[in-house]
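Inside the fold
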Amino acid sequence: MNDHTKDLENHSQSQDQFSPSEDVFDKDEKLLKVMKERIVRSYRWHEDVVLPMAEELKTTPEMFEEILMKHLDMSSLEALHARFESAKFNCTREKVHSDLRLCWLTDVMEIITEEETEEIEIRITSEVVYNGKNYDEAIEDGRKELLEFLMR
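Residues numbered from 1 in each chain as written. Predicted model: local features only at pLDDT ≥ 70, side-chain atom pairs only at ≥ 80, totals over all residues. Heavy atoms only, no water.

Quick notes on a nonpolar patch on the surface
Together, W104, V108, M109, I111 and L150 make up a nonpolar patch on the protein surface, roughly 490 Å² of accessible area in all. With respect to the helices, strands and loops of the structure, L150 is situated in helix α8 (residues 135-151). (Patch = residues over 30% accessible without salt bridge, like charges linked within 9 Å, V, L, I, M, F, W, Y side chains within 5 Å. Areas by Shrake-Rupley, 256 points an atom, 1.4 Å probe, with all protein chains shown as cover. Salt bridge = Lys/Arg side-chain N within 4 Å of Asp/Glu carboxyl O. Helix = DSSP H or I, 4+ residues; strand = E, 2+ residues; numbered from the N terminus.)

Shown next, in the form of structure tokens:
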């Protein structure tokens, strides 16, 4: 064998020594999974995000945790709780709008104004999000108040 061939063989052998093995990748994947699990299984995360969303999707909390870990990277997971909390008011407000059929009363029938609709939505949403009132109870009370308002 010539010297050039020997050099190529030695070079490829030395590269194999320093190239990451599959074991390293497996360890990294396992570590990443453990780190993600710690985030989604933390108490606040579990209470504020996992349980409500699992209930909404009619699945187990464990299944929803797997979904989150599969679709989100570490930085997205770390930032999600804050985004979820900040979106809670707007999502609840949209639900109030829908459940009280305010789109019909405001946009279609034009019985109440946009400003009145906004006032109703914000009041009910604030009771739920900031004061901890049960959503169904808040909607029932809002429905009664809306009817009284419409009867004037």
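There's more to say after this.
Side note on the packing of aromatic side chains
Going through the model one piece at a time under the given rule, you end up with one aromatic pair. Ring geometry for F89 and Y130: centres 5.5 Å apart, planes at 20°, overall stacked. One end of the pair, F89, is in helix α5 (residues 74-99); the other, Y130, is in the loop between α7 (114-129) and α8, and 41 residues separate them in sequence. The exposure class assigned to F89 is buried, which follows from its relative accessible area of 15%. Looking at Y130, the relative accessible area reads 59%, which means it is exposed. Seen from the ring of Y135, K95 lies directly overhead, with NZ or CZ sitting 4.8 Å from the centre. (Phe/Tyr/Trp six-rings, centres within 6.5 Å; stacked < 30°, edge-to-face > 60°. Buried < 20%, exposed > 50% of the residue type's maximum accessible area, 1.4 Å probe, protein only. Lys NZ or Arg CZ within 6 Å of the ring centre and 35° of its normal.)

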